Amino acid sequence: MAMAATPSWSGRTPVHPDLRVTNNDRDQVVEHVKAAYAEGRLDKLEMDERLHQAMTARTHADLIPIMDDLYGPRAAAYVPPAPPPGHYMRGAGYRQRAGYPAAGAVDGGDRVGGAAAHLLTLGGLFVIGPLIMLLTAGRTSSFIRRHAVESLNFHLTVLGATMLLPFTVIGVVLIPFLWILGFVLAVVGGVSAITGGDFRYPLTVRLVK
């Protein structure tokens, strides 16, 4: 009996569904969803829904429903590598249809959105700014999501410290320095995002994943 054809990515090491996913795992699935949309296999609503699921996935089991009807049941056991840019950049109409850069690329919109997640806090949107970016642009851009989550966690930490430090004598002295540090780090984070890099705030309790 002839053996069933297997996907080109079937030689990868099996991934346990309960294992936590990395940012790279999420990004790979995002690129597959974009490719499926560009090829006409998904409509805009389906793409947006799957991008949001991929961005918020915590385990490989969360990625399985996104990939099942694109790669079949083997998607439950493997995370396929992202398709090469040429796989879904064929045709002049791709950018107009999809509005996305090549696989793994960070475009100007991503950089501005990532920077906004940090810099909006300087305009008074202390926690609200990064939260807005996380719930809007962060749904379809893993780059913006990473910056928004990092900024949100840091400013939640600062807010919590501001509420707790007054109960100690030295804490009252530390609060102004903490806020100055927060201002400086927000600027550094914004600059890092504009240049296309990642940024990690120090001394941060990361409650939001």
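The rules behind each value
- Per chain, residues are indexed from 1 in the order of the written sequence.
- Predicted model: local features are reported for residues with pLDDT of at least 70 only, side-chain atom pairs are reported and counted for 80 or more only, and whole-chain, interface and lining totals are derived from all residues.
- To get the side-chain values, all heavy atoms of the structure are used, and hydrogens and water are removed first.
- Each salt bridge in this description consists of a side-chain nitrogen of Lys or Arg and a carboxyl oxygen of Asp or Glu lying within 4 Å of one another.
- The helix and strand labels rest on DSSP assignments: H or I over at least four residues marks a helix, E over at least two residues marks a strand, and numbering proceeds from the N terminus.
- Between the N-to-C directions of two axes lies an angle of 0 to 180 degrees, each axis being a line fitted to C-alpha atoms and, for a helix, fitted only over the stretch in contact.
- Should an angle lie under 35 degrees it is considered roughly parallel, over 145 roughly antiparallel, and from 65 to 115 roughly perpendicular; all remaining angles are considered oblique.
- What makes a crossing left-handed is the near helix being turned counterclockwise from the far one by less than a right angle; a clockwise turn instead makes it right-handed.
- Between two residues, a contact is recorded if the distance between any of their heavy atoms is within 4.5 Å.
- Each residue is assigned to one of three groups, with Ala, Val, Leu, Ile, Met, Phe, Trp, Tyr, Cys and Pro labelled nonpolar, Asp, Glu, Lys and Arg labelled charged, and all others, Gly among them, labelled polar.
- Exposure categories follow from relative accessible area, calculated using a 1.4 Å probe and restricted to protein chains: below 20% of the type maximum is buried, above 50% is exposed, and the middle band is partly exposed.
- Confidence per residue, as judged by the predictor, is encoded in pLDDT with a range of 0 to 100.
- Patch membership is restricted to residues that have no salt bridge and whose relative accessible area is over 30%. Joining uses 9 Å for like charges and 5 Å for the nonpolar side chains Val, Leu, Ile, Met, Phe, Trp and Tyr.
- Here the accessible surface of atoms and residues is derived via Shrake-Rupley with a 1.4 Å probe, and residues count as covered only by protein chains that are part of the display.

Caption draft 1: Representation of the pattern of salt bridges. Taken as a whole and judged by the stated rule, the model has eight salt bridges. Among the salt bridges present, the one from Arg200 reaches Glu150, with a minimum N-O distance of 3.4 Å. A residue pair is termed long-range when its members are at least 10 positions apart, and Arg200 in the segment after α9 (169-194) and Glu150 in helix α8 (residues 142-164) qualify at 50 residues. Each of Asp27, Arg146 and Asp198 takes part in a single network of salt bridges with overlapping partners.

Caption draft 2: Representation of the packing of helix α1 (residues 23-38) against helix α3 (residues 60-71) in the model. Between α1 and α3, whose axes approach to 11 Å, the crossing angle comes to 25°. By the angle between their directions, the pair α1 and α3 is classed as roughly parallel. At the point where α1 passes α3, the crossing takes the left-handed sense. Where α1 abuts α3, its residues Asp25, Val29, His32, Val33 and Ala36 lie against His60, Leu63, Ile66, Met67, Leu70 and Tyr71. A per-class count over the contact of α1 with α3 returns eight nonpolar, two polar and one charged.

Caption draft 3: Spotlight on unusual backbone geometry. Backbone geometry places Leu203, a non-glycine residue, at a positive phi of 55°. Of note, Leu203 is situated in the segment after α9.

Caption draft 4: Quick peek at the environment of Glu150. Glu150 gets classed as buried once you look at its relative accessible area, which sits at 4%. C-alpha of Glu150 to C-alpha of Phe199: the two residues are 49 residues apart in sequence and 7.7 Å apart in space. With near-sequence residues (within four places) excluded, Glu150 lies in contact with Phe199, Arg200, Tyr201 and Arg206.

Caption draft 5: Spotlight on the packing of helix α2 (residues 44-55) against α3. Where α2 meets α3, the axes come as close as 8 Å, and the angle between the chain directions of the two elements is 135°. Accordingly, the angle class assigned to the pair α2 and α3 is oblique. On α3, the residues touching Arg50, Gln53 and Ala54 of α2 are Leu63, Ile66, Asp69 and Leu70. Here the residues of the contact of α2 with α3 are counted per class, giving four nonpolar, one polar and two charged.

Caption draft 6: The arrangement of the confidence of the model for the chain in detail. Scored by pLDDT, the chain comes out at a mean of 79, with 77% of its residues at no less than 70. Confidence scores differ between elements of the chain, with helix α5 (residues 94-98) showing the lowest mean pLDDT of 39 and helix α7 (residues 128-135) the highest of 95. Within the model, pLDDT remains below 50 along residues 1-14, and this stretch shows 20 contacts once partners closer than five positions in the same chain are excluded. Low pLDDT (under 50) marks residues 75-79, which in the prediction has 21 contacts with non-local residues, meaning those over four places away or in another chain.

Caption draft 7: Region of interest: the environment of Pro176. For Pro176, the location among the structural elements is in helix α9. The partly exposed category is assigned to Pro176, whose relative accessible area is 44%.

Caption draft 8: Local environment of a nonpolar patch on the surface. A grouping of Leu119, Leu122, Ile180, Phe183, Val184, Val187, Val188 and Val191 is seen on the molecular surface, where their side chains present a nonpolar patch of about 640 Å² in accessible area. When residues in the nonpolar patch are grouped by element, the largest group, six residues, is from α9. Looking at the element boundaries, Leu119 is found in helix α6 (residues 108-119). Judged by its relative accessible area of 37%, Leu119 falls in the partly exposed class.

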